[in-house]
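As a plain string of letters, each chain reads:
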4 protein chains.
Amino acid sequence: MGKGRLEAFSDGVIAIIITIMVLEMHVPRGEDLHALAPLLPVFLSYVLSFVYVGIYWNNHHHMLHVTTRVSGGILWANLHLLFWLSLFPFATGWMGENHFAHLPSAVYGVVLLAAAIAYLILQQTIIAAEGSHSVLRRAIGRDWKGRLSPLVYVAGIVVSFVSSAAAQAIYAVVALTWLIPDRRIERELRQNAK
Amino acid sequence: MGKGRLEAFSDGVIAIIITIMVLEMHVPRGEDLHALAPLLPVFLSYVLSFVYVGIYWNNHHHMLHVTTRVSGGILWANLHLLFWLSLFPFATGWMGENHFAHLPSAVYGVVLLAAAIAYLILQQTIIAAEGSHSVLRRAIGRDWKGRLSPLVYVAGIVVSFVSSAAAQAIYAVVALTWLIPDRRIERELRQNAK
Amino acid sequence: MGKGRLEAFSDGVIAIIITIMVLEMHVPRGEDLHALAPLLPVFLSYVLSFVYVGIYWNNHHHMLHVTTRVSGGILWANLHLLFWLSLFPFATGWMGENHFAHLPSAVYGVVLLAAAIAYLILQQTIIAAEGSHSVLRRAIGRDWKGRLSPLVYVAGIVVSFVSSAAAQAIYAVVALTWLIPDRRIERELRQNAK
Amino acid sequence: MGKGRLEAFSDGVIAIIITIMVLEMHVPRGEDLHALAPLLPVFLSYVLSFVYVGIYWNNHHHMLHVTTRVSGGILWANLHLLFWLSLFPFATGWMGENHFAHLPSAVYGVVLLAAAIAYLILQQTIIAAEGSHSVLRRAIGRDWKGRLSPLVYVAGIVVSFVSSAAAQAIYAVVALTWLIPDRRIERELRQNAK
């Protein structure tokens, strides 16, 4: 069972998600700055989500690269991840249109949290199929970043009811820690090649 | 005539269908729970349809895997299946926005029924091209699940005019029976390799 | 310069066009037959356009299959075809929502005409690059169907101002003549293999 | 780290962008010419953007063709380019619906400018990874067209506040200079093959 179609299908879904998000930025009726100004928070939430979906695509790309076989369980764990990613446009639009209000900021954090957990489940499913001596298993090591992120999202969800600005800051900081390229898989591949 | 583009095109269409469905979950105007609550049935119908489209993609993936040649008839039988799948976002949105009312639940069942029949037609077209000794022919065997599902959908359609909750239960149960991985093709491939 | 990405990009655009058309079938507000009835013409125009886009994808698939090299001219002739195909959702929606009124039916014919001409231009560009002894050149022969279709669309456009029902009939008949599988390329490939 | 998925993902996003733009051309309510007429500027801005996105896809196709390895930096530089391209539908729709008013024309120029800079960054990132003796480095030479375009866009943005017609003319002229096929990479590849 090849992984080609799994990658192609995931690429398709993620490409659509990342592009559909911008549709939530409705073309304003007026033609001046007053018409454009209310779109600023929508634009900012779009930038944040674009970076997040980009990170997921990037990491998905790396993880599948070291995956050698695809089982039925992996297909469904992957669809489960895509399900939560597909809620990004909704959560992003709701948060942006309500200028980062409390509840929308919390719901955005819930979607971030669910996607992070779905990613961990997919990772565990692949490792279970590949075995404990697989490249992926050794590459992720203790996986501090992957395990800590969900906890930070929970903190962000709680904080969003007090200060949604603080919640946004938390979400943005997590994104930044992931933006720093994750060299683990590439390093492991090089060591393997020796 | 290679099957690569047939798979790529089908992946593209199914990826768009599964992602477009979430667009029917319109971003609400308010920012509190009262604004979010009416979206619950829309969300639930989205989850059900996501699982159904995921099942179709999964089974399509397996069926094409053991298909060796692609004829003009297969191209059109495949487009026919994609046509009915493309009505999922509409049927899902109508059912969700009307809180699982009678007629929308029945129409949803009609789309499920038509897609199931289109899948059987595609399967027969491939078997006709591959021959009665093909891997696919032996793998599906008597194909109880594939043949019974349409009958159960008909039952769901009839029941939906009495109790749409019962119809939903029927649709969900069929989805669950398909979620259990269909090992027939994988088993047949292993036996073939011996 | 490989043709892989040209096929992949075209598949992507055509897959999106064929799926986006169904978005023009807006989810109705009511939950009974009265709410569904006005959608019938929209649905019928969607079926017609789905078949047309399916025919284009099918023929594009065959034509690219016998194309051996891709030039800059072919890239742009292909984009030109995709441009006119991208207007199908708009033309389909306008015609369907206005219950096949005169002008929308004529505009639909104009889009059909422009796409047919763009397809001929792409075909000529490929033949110019492949040479007069190419498989494609011999396969299309005098290309009666390809050359007559634009003339029939012109007739349909004129007729649509008198009777849009007659225009629809003309459009549907042309689609049916193309639905019959075009065996020319497959036959030529077999003769070539001898 | 292969470039296959990078190409596939970019193709997907660009295909969606180019097709989604036409969704901004909303189906009009009336059925006569009076209903269609206001769509002319929207249509014209769609044509301009279609050509621009087509140019980007074309050049991206050529540039990736001579790229041999893909680093994390290239993945993000590519996502950065896709981000600005994803704003084309919004900028196109706003400019078209406001009949090429001053501010929307300027914002359109800003998106053109940002995409051009993002393309240069991606090009530099690839050259940095490929080395100064790479095919791409030699092919682009002094890259007059790539370096001048951003300056012309800046001129277009300034001019748009005086005359948006003049700004449109500037944007269209730049597109035309890029439409003329860029033979540099193809020429370099032929010289290399000798």
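Residues numbered from 1 in each chain as written. Chains lettered and ligands numbered in written order. Predicted model: local features only at pLDDT ≥ 70, side-chain atom pairs only at ≥ 80, totals over all residues. Heavy atoms only, no water.

A. How the structure looks around the relation of the copies chain D and chain A. Relative to chain A, chain D is turned by 90 degrees and slid 0.0 Å along the rotation axis, the superposed coordinates differing by an RMSD of 0.0 Å. On this basis, the relationship between the two copies can be described by a four-fold rotation axis. Every residue of chain D has its C-alpha some distance from the rotation axis, and the shortest such distance is that of Gly12 of chain D, at 4.3 Å. Comparing interface residues between copies, only 3% of those in chain D also lie at the interface in chain A; the contact surfaces differ. (Least-squares fit on C-alpha atoms with pLDDT ≥ 70 in both. Contact = heavy atoms within 4.5 Å.)

B. Just the side chain of Ser134 of chain A, in detail. All names here are of chain A. Within the secondary structure layout, Ser134 lies in the loop between α6 (102-130) and α7 (135-140). Residue classification places Ser134 among the buried positions, given a relative accessible area of 7%. One polar contact links the side chain of Ser134 to the main-chain amide nitrogen of Arg137, over a distance of 3.2 Å. (Helix = DSSP H or I, 4+ residues; strand = E, 2+ residues; numbered from the N terminus. Buried < 20%, exposed > 50% of the residue type's maximum accessible area, 1.4 Å probe, protein only. Polar contact = N/O pair within 3.5 Å; in protein donor to acceptor, adjacent residues only side chain to side chain.)

C. Looking closely at helix α1 (residues 4-20) of chain D. The terminal C-alpha atoms of α1 of chain D, which comprises 17 residues, lie 24 Å apart, in line with the 24 Å expected from a rise of 1.5 Å per residue. In terms of burial, α1 of chain D is a largely internal element, 15 of the 17 residues being buried. (Expected span 1.5 Å × (residues − 1).)

D. Focus on the pattern of salt bridges. Applying the stated criterion across every chain, the model contains eight salt bridges over all chains. For the salt bridge of Asp11 of chain B with Arg5 of chain A, the shortest nitrogen-to-oxygen distance reads 2.6 Å. Here Asp11 of chain B, found in helix α1 (residues 4-20), pairs with Arg5 of chain A, found in helix α1 (residues 4-20), and the two come from separate chains. Note on accessibility: Asp11 of chain B and Arg5 of chain A belong to one class, buried. A salt bridge links Arg5 of chain B to Glu7 of chain C, with the shortest nitrogen-to-oxygen separation between them at 3.8 Å. Taken as a pair, Arg5 of chain B in helix α1 and Glu7 of chain C in helix α1 (residues 4-20) lie in two separate chains rather than in one. The buried category is assigned to Glu7 of chain C, whose relative accessible area is 15%. Through salt bridges with shared partners, one network takes in Arg5 of chain A together with Glu7 and Asp11 of chain B. (Salt bridge = Lys/Arg side-chain N within 4 Å of Asp/Glu carboxyl O.)

E. Looking closely at the relation of the copies chain A and chain B. Superposing chain A onto chain B takes a rotation of 90 degrees combined with a translation of 0.0 Å along the rotation axis, leaving an RMSD of 0.0 Å. The fraction of interface residues of chain A whose copies in chain B are also interface residues is only 3%, indicating that the copies meet through different surfaces.

F. Representation of the packing of aromatic side chains. This model, assessed by the stated rule, comprises 44 aromatic pairs over all chains. When the ring of Tyr46 of chain A is compared with that of Phe50 of chain A, the centres are 5.9 Å apart and the planes differ by 75 degrees; the resulting orientation is edge-to-face. Taken together, the positions of Tyr46 of chain A and Phe50 of chain A, both in helix α3 (residues 39-65) and four residues apart, correspond to about one turn of that helix. When its relative accessible area of 2% is taken as the criterion, Tyr46 of chain A is described as buried. Classification of Phe50 of chain A by relative accessible area gives buried; the value is 6%. Taken together, Phe43, Tyr46 and Phe50 of chain A together with Phe83 and Trp84 of chain D form an aromatic cluster joined through their ring pairs. Over the face of the ring belonging to Trp178 of chain A we find Lys145 of chain A, whose NZ or CZ atom lies 4.7 Å from the ring centre. (Phe/Tyr/Trp six-rings, centres within 6.5 Å; stacked < 30°, edge-to-face > 60°. Lys NZ or Arg CZ within 6 Å of the ring centre and 35° of its normal.)

G. How the structure looks around the interface of chain A and chain B. With 29 residues of chain A at the interface, the matching set in chain B holds 38 residues. Around 3,000 Å² of area is buried between chain A and chain B when both sides are counted, 75% of it from carbon and sulfur atoms. The tally of links from chain A across to chain B stands at two salt bridges. Here chain A and chain B share five residue pairs in polar contact (both at pLDDT 80 or more) between them. Mapped onto the side of chain A that touches chain B, the elements with two or more residues apiece are α1, α4 (72-85), α5 (88-97) and α6 of chain A. Considering every element that reaches the side of chain A that touches chain B, the biggest residue donor is α1 of chain A, with nine residues. Counted by class, the side of chain A that touches chain B contains 20 nonpolar, six polar and three charged residues. (Buried area = accessible area lost by both parts, 1.4 Å probe. Nonpolar A, V, L, I, M, F, W, Y, C, P; charged D, E, K, R; others polar.)

H. Examining a nonpolar patch on the surface more closely. On the surface, Trp144, Leu148, Leu151 and Val152 of chain A cluster together to form a nonpolar patch covering roughly 420 Å² of accessible area. Within the secondary structure layout, Val152 of chain A lies in helix α8 (residues 144-160). (Patch = residues over 30% accessible without salt bridge, like charges linked within 9 Å, V, L, I, M, F, W, Y side chains within 5 Å. Areas by Shrake-Rupley, 256 points an atom, 1.4 Å probe, with all protein chains shown as cover.)

I. Fine view of the packing of α1 of chain D against helix α3 (residues 39-65) of chain D. All names here are of chain D. Two numbers describe how α1 lies on α3: the axes approach to 10 Å, and their chain directions differ by 175 degrees. Judged by the angle between their axes, α1 and α3 are roughly antiparallel. Only Tyr46, Phe50, Val53, Gly54, Trp57, His60 and Leu64 of α3 make contact with α1, whose side of the interface consists of Leu6, Glu7, Ser10, Asp11, Ile14, Ile17 and Ile18. The residue inventory of the contact of α1 with α3, partitioned by class, reads nine nonpolar, three polar and two charged. (Axes fitted to C-alpha atoms, helices over the stretch in contact; angles between N-to-C directions. Parallel < 35°, antiparallel > 145°, perpendicular 65-115°, else oblique.)

Take it as geometry only, folks, not as evidence of what the structure does.
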